[in-house]
Amino acid sequence: MTDMSPDERNRRINKLKRAFAYNLFCRQGVTSRSASLNDYYLAVSYTLRDRMQHFFVNSVEKLLEKDPKIVCYLSAEFLTGPHLHNNLVNLGLYEDFAQAAAETGLNLKEIINHEEEPGLGSGGLGRLAVCYLDSLSSLQIPAIGYGIRYEYGMFNQKIVNGWQKEFSDRWLHQGNPWEIKKPVMACEVSFGGRTEIYHTEKGIRRIRWRPTRVIMGVPYDTPIPGYKVNTVNYLRLWSTESHTSFDFSEFNTGDYYSAVADKLKAEAITKILYPSDEQIEGKQLRLQQQFFLVSCSLQDMIRLHLSRHSSLHNFYEHFQGQLNDTHPAVAVPELMRLLVDIHLYDWDEAWKITRKTLCYTNHTLLPEAMEKWPLDLFGSLLPRHLEIIYELNRCFLDEVRIKYPGDDGRLQRMSVIDETGPRYVRMVNLACMGAKVINGVAALHTNLLRKHTLADWDAMYPGKIRNVTNGVTPRRWIAVSNPRLTQLITEAIGEKWLTNLEELRRLEPLADDAAFQEAWRKVKEENKRDFAELMECRDNICVDPSVMFDVQVKRIHEYKRQHLNILHIITLYSRIKANPSLRITPRLFVFGGKAAPGYFMAKRIIKLINSVAQVINNDPAVRDQIKIFFIPNYSVKIGHIVYPMANLSEQISQAGMEASGTGNMKFSMNGALTIGTLDGANVEIRQEVGQENFFLFGLTVEQIMELRQKGYRPMDYYQNNESLRAAIELIRCGHFSSGDRELFKSIVDSLLYDDRYMLLADYQDYIDCQDRVSRLFEDKKSWTRMSILNTARMGKFSSDRSILEYSRKVWDVQPCPVELKWQELPEDGILFHSKDSGEQA
Ligand code: 26W
């Protein structure tokens, strides 16, 4: 764009301005006199979408022509975050749009800020899926993200009197300019009923499913443009509709209300995202959602395949299904059903195709997050699938018996049906049985899968469990969210780092350069000032941007140990109270995150954070040195603000609990130093940035196991550690709850009498480590050097690297470049191909 003549540029900008006006008038039906900010947001977004559309069509045509293997990422969650800014950056159109907006009298930043993000995910797993879509497009690998278009996404969190309150998220109510509905591609999905045997004309015995309910799945496509390439993949989200808008037979018999009720029941399936994280709720509606997603997506993949091929025997050569955790694991019996019952393949052939098509990623080791469905519930909703599972399981257990004769324990553990108590369908076993490759999301996590959770599977199928360490997209997590840092880095080393993050290594020689250090600090300071202004404006809390910003943002969960962070804060508080003239390294402690609505302890932890904040922020003796801020409604949008402003990133989960973590990567890329345990990807982050640039504390997985075996007694730590005792005592005695000793009793008791996540065992090491952090923060040069080195050595954690690894180790797919250069973007957004030459007309 830079070599464009001024005239040409003017022409482009004018066209954009006309397009804004056109969209405002024709799509919104308003003029600049009556337009609201939302109208402008929609008009600008449509203008961009129009420009993206021909890339999209172009990519699809390329797919049809080259017939490459397509990655189909099946996920119950896609936490996209706002689209406008990201799409502008990826298409290289930010500057143009900013200028056209300014010349129209609009502020692009304000318009960008107005976008309400689709909260179609609850945490790391959903966000990872979208980072991966960004990388798939940027690497020009053909891909489709398949998910659910929840009408209500993740709940909005408000903090009322220190407690989390949930409010429904109505992300669609102001219009969604990014999606395009594709009613012609709707699919039918069945539920309930029974199965029956019949014989084909040739006398072959077959099975037919006679469901009691059939609903429609209608796709909505959202384009996912790669970074400065021509590939635009898409995210296809399914929404339920009732099969016919009205069941006239019921209407005619007078049962008007039950006809309407059926319609509502169908629509209920995609109404709402289940917000729980790492805690299963065996709700029928959730299983319906999972099956709905899987059935629509597999039917869609098969339809696409059959539009180009005459049979499905080579399906797996053209479609690679990836199961994002076990949520879409019913894909295993559903693909079998589609192949055997609908497309009439024989069982063995179908099983071969299925096992070559699907792969499974595990995202958690927590036993309570392992999905299992009560057998009765499963069978009443999906009778044919249960039969298929029984048959698959029977054959599979025969294989196990042959390999391990007499090993009943192993049979029982590996069976898809849990018969140890009330009977369940185990989704992990189902996914493992049906997958070509199983992968963990960080080296430590994968090793733990191999050694413990999936040890039987590793023994039976050596090499099937592989590691692909998570990554995040530097486009959204640096370029979009931290423009100041982006500019500084690009001025220093050029812009190649955005597509090859290893290039950041070239910052290393600048780590001790005084001028660069100064510029680096200035970026952080300005980001902190922006945040401080926001705090002041929203909550009237004043904070000095020069103090250390110490941040923990993630879902609230006991294993993530937000309350360990609180114990540190209370310890600092006690030190100052005991010695009023003490000067500590001042800090702003920032928390953010949602608790699952039914998770009692997590909700108490939020209340505890806010109660401690209330006392400390209002105590003149300490508030100049410690401040606490709980950001309500943590989301991707808030992440954009938080990662760039942090000095210290808290990654303090109990070792062996966090599968990977991805926030840890976002912080470090943006120059925050990490205080963390040897957990998840922390281990690899520390390896990369160097142990001297990482604040490590806490027990290792091995030490934890040993301690547990010996018998862990939290009370011993409590009794032998004065400052720990004092901190817990302050909570217990009601110091942070106006004397109420009941409010936090559950937290105190769980720490003293159970402490499943061993906060007390790690407490002293954590405090000592935090003291080292404080001392180091006073040494600006050393801190800045470490900060620069953190960013410089984060190349490994680009999702581009992860996707290249998946392509090689798991999927066996190649890029399929779309030749049209991105600079050749037609300004009107429409590219006409003449039928034979494919040239632009
Ligand atoms: C059924 C309830 C439920 C819902 C969500 C169980 C489990 C989940 C997810 C697997 C939880 C999740 O988001 N896991 C996170 O995945 C990230 C991406 O791999 C990792 O970085 C996090 O460590 C992991 O907690």
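Everything discussed here concerns the structure shown above.
Quick caveat: nothing in here was measured; it's all calculated off a predicted structure.

A. Just the overall build of the protein chain, in detail. Scanning the protein chain from N- to C-terminus turns up 33 helices and 23 strands. Against the globule reference of 28 Å for 841 residues, the protein chain gives a C-alpha radius of gyration of 28 Å, in line with a compact fold. Its C-alpha atoms give the protein chain principal-axis dimensions of about 95 × 80 × 60 Å. Counting all 841 residues of the protein chain, 62% fall into the buried class. The average position of the 104 basic charges and that of the 105 acidic charges among the side chains of the protein chain differ by 1 Å.

B. Just the packing of helix α20 (residues 483–493) against helix α21 (residues 514–539), in detail. Remark: α20 packs on α21, axes separated minimally by 9 Å, with the N-to-C direction vectors making an angle of 165 degrees. Here α20 lies roughly antiparallel to α21, going by the angle between them. Along this stretch, α20 crosses α21, giving a crossing that reads as right-handed. Seen from α20, the contacting residues are Arg484, Leu485, Leu488, Ile489 and Ala492; seen from α21, they are Phe516, Ala519, Trp520, Val523, Glu526, Asn527 and Asp530. A class-by-class count of the residues in the contact of α20 with α21 yields eight nonpolar, one polar and three charged.

C. Layout of the pattern of salt bridges. Considering all chains together, one arrives at 53 salt bridges under this definition. Across the pair Arg308 and Asp67 runs a salt bridge whose closest N-O atoms are separated by 2.4 Å. Taken together, the residues span a long stretch of sequence, with Arg308 in the loop between α9 (284–306) and α10 (315–318) and Asp67 in the loop between α2 (37–66) and β1 (70–74) at a distance of 241 residues. Classification of Arg308 by relative accessible area gives partly exposed; the value is 23%. Where Arg394 meets Asp398, a salt bridge forms, and the shortest distance between an N and an O atom there is 3.9 Å. In this pair, Arg394 and Asp398 are both assigned in helix α14 (residues 383–403), four residues apart and thus about one turn of the helix distant. The exposure class assigned to Arg394 is partly exposed, which follows from its relative accessible area of 45%. When salt bridges with common partners are traced through the structure, they connect Lys182, Asp221, Arg236, Asp300 and Arg303 into a single cluster.

D. Quick look at the packing of aromatic side chains. Per the counting criterion, the structure on display carries 20 aromatic pairs. Consider the rings of Phe531 and Phe629, whose centres lie 6.1 Å apart with planes at 65 degrees: the pair is edge-to-face. Residue Phe531 is located in helix α21, and its partner Phe629 is located in strand β20 (residues 626–631); the two are separated by 98 residues in the primary sequence. In this structure Phe629 comes out as buried when scored by relative accessible area, which is 6%. Here the aromatic residues Tyr73, Tyr132, Tyr806 and Trp811 are joined through ring pairs into a cluster of three or more. Lying over the aromatic face of Phe167, Lys158 brings its terminal NZ or CZ to 4.5 Å of the ring centre. The ring centre of Trp477 lies 4.4 Å from the NZ or CZ of Lys666, which sits over that ring.

E. Representation of the sheet that holds strand β13 (residues 372–374). Taken in spatial order, the three strands of this open sheet run β13-β15-β14, and their pairing is antiparallel. Each edge of the open sheet is held by one strand with a lone partner, namely β13 and β14 (417–418). Pairing analysis gives two bridges linking β14 to strand β15 (residues 424–426), with the strands arranged antiparallel. Bridge pairing links Ile417 to Val425 in β15. Its contacts with the sheet put helix α16 (residues 427–434) on β13 and β15, and the angle it makes with β15 is roughly 40 degrees.

Scoring rules and cut-offs
- Residues numbered from 1 in each chain as written.
- Predicted model: local features only at pLDDT ≥ 70, side-chain atom pairs only at ≥ 80, totals over all residues.
- Heavy atoms only, no water.
- Helix = DSSP H or I, 4+ residues; strand = E, 2+ residues; numbered from the N terminus.
- Rg over C-alpha atoms; globule rule 2.2 N^0.38 Å.
- Buried < 20%, exposed > 50% of the residue type's maximum accessible area, 1.4 Å probe, protein only.
- Lys, Arg positive; Asp, Glu negative; His and termini not counted.
- Charge placed at Lys NZ, Arg CZ, Asp CG, Glu CD.
- Axes fitted to C-alpha atoms, helices over the stretch in contact; angles between N-to-C directions.
- Parallel < 35°, antiparallel > 145°, perpendicular 65-115°, else oblique.
- Left-handed = near helix turned anticlockwise from the far one by under 90°.
- Contact = heavy atoms within 4.5 Å.
- Nonpolar A, V, L, I, M, F, W, Y, C, P; charged D, E, K, R; others polar.
- Salt bridge = Lys/Arg side-chain N within 4 Å of Asp/Glu carboxyl O.
- Phe/Tyr/Trp six-rings, centres within 6.5 Å; stacked < 30°, edge-to-face > 60°.
- Lys NZ or Arg CZ within 6 Å of the ring centre and 35° of its normal.
- Pairing = 2+ DSSP bridges.

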